[in-house]
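# Architecture and fold: a report
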Amino acid sequence: MKIILDGMGGDNAPEAIVEGAAMASRLVNHEIIIVGDEKRIREELSKHKSDHRKISLAHASEAITSEDAPVRAVRSKKDSSMVVGLNMLRDGKGDVFISGGNTGALMAGGLFILGRVQGIDRPAIASAYPIMGQGISLLVDAGANAECKPNNLLEFATMGSIYMEKVLKVKSPTVGLVNIGTEEGKGTTVIKAAHELLSKSDINFIGNVEAREIPKGACDVIVCDGFVGNVILKLTEGLAWNIFKLIRAKFTKGATAKMGAVLLGGKMKELRKEVDYSEYGGAPILGLKKPVVKMHGSSGANGVKNTILKAIPFAEENVVSKIQNSVVEIEEILISEQL
């Protein structure tokens, strides 16, 4: 397998990207192709211990930044690391593409260069959502589609279920629809129509879930539009880190508090690790014709390494082809609604 890595995408590129690739090269038996400014990447690579037989470089003279307008950047920066990497994936020069760069540009590039799975209206970002002491749930959509139709939410649920089962190895994953109440009649017109579609599907749909139940592990696959999903992720992340800051402040006030901090230090590290997004790798973009993974823009080397490790089963388990096969069922449900 060949893993194509955007060497210039993200806040800490190329340093963290190269270091993470070096770390991963010592753990996997696959080739990692880093795309970007070859001179800078080679200089960074020389600073780290890696299996050089597993790392190769592909030069790209440009980079898409977070300030760039997504569609314009993809069309004008033909030799950017992101566009070059996506073209390599399309042309069969790799099996999965990973980028921590501009999310909008990655979505636009994925659509323009790779295309959608036939029958999928909108690809979606599927993000890991840590559940305290219980592993993770999968949040779909995490920010790609701010406004959705009922059939889009059915697609998200179906694709999320396939990914959860094939990559994360959760048998018959439960699916919940984010709503303001658990009652079937609650929510907007779109949400109520989506509930009806999900109820008729073959996925393990458990009904509506409220936001307060999500951190408790209400379901395996959390379905919502990208606006709601992005708010849920950022609110949870912000709340978690502010709680840790408050605890740290409390533990440094007075001798007794400091003694408690020493005693609980190990457990606090474990808890911090459970809610650290970098431990769970990137978020797959489901619905594109080839495997693409969006990495957090501020990922450090550990996050890059973990994203590479999690991207491997995404490609190996043929998730894209399984999504394509599921389209038939989605179309049958939508046709039955029209009759």
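The model shown is predicted, which means the values in this text are computed figures rather than measured ones.

Conventions and cut-offs
Residues numbered from 1 in each chain as written. Predicted model: local features only at pLDDT ≥ 70, side-chain atom pairs only at ≥ 80, totals over all residues. Heavy atoms only, no water. Phe/Tyr/Trp six-rings, centres within 6.5 Å; stacked < 30°, edge-to-face > 60°. Helix = DSSP H or I, 4+ residues; strand = E, 2+ residues; numbered from the N terminus. Buried < 20%, exposed > 50% of the residue type's maximum accessible area, 1.4 Å probe, protein only. Salt bridge = Lys/Arg side-chain N within 4 Å of Asp/Glu carboxyl O. Pairing = 2+ DSSP bridges. Axes fitted to C-alpha atoms, helices over the stretch in contact; angles between N-to-C directions. Contact = heavy atoms within 4.5 Å.

Right, let's talk about the packing of aromatic side chains for a bit. Throughout the structure, instances matching the rule amount to 1 aromatic pair. Measuring from ring centre to ring centre gives 5.6 Å for Tyr-163 and Phe-314, while their planes differ by 80°; the resulting arrangement is edge-to-face. Taken as a pair, Tyr-163 in helix 6 (residues 150-166) and Phe-314 in helix 10 (residues 301-316) lie far apart in primary sequence, 151 residues in all. Its relative accessible area of 2% is what places Phe-314 among the buried residues.

What the rule picks out here adds up to 13 salt bridges. Across the pair Glu-44 and Lys-47 runs a salt bridge whose closest N-O atoms are separated by 3.0 Å. Under the relative-accessibility criterion, Glu-44 is labelled buried at 10%. The salt bridge involving Arg-90 is made with Asp-91; its shortest N-O contact spans 3.0 Å. For Arg-90, a relative accessible area of 40% corresponds to the partly exposed category. Through salt bridges with shared partners, a single network forms among Glu-210, Arg-212, Glu-213 and Lys-216.

The 11 strands are arranged 3-2-1-4-11-10-5-6-9-7-8 in an open sheet whose pairing can be described as mixed. One side of each edge strand has no neighbouring strand; the edge strands of this open sheet are strand 3 (55-59) and strand 8 (204-209). The average undirected angle you get between the axes of adjacent strands in this sheet is 30°. By the bridge criterion, 2 bridges tie strand 5 (residues 124-131) to strand 10 (residues 283-286) in an arrangement that is antiparallel. Counterpart to Ile-125 in the pairing with strand 10 is Ile-285. Helix 1 (residues 15-25) rests against strand 1 (2-6), strand 2 (31-36) and strand 3 of the sheet, and its axis sits at about 170° to strand 2. Helix-sheet contacts for helix 6 involve strand 5, strand 6 (135-140), strand 7 (174-178), strand 9 (221-223) and strand 10, and the interaxial angle to strand 6 is about 150°.

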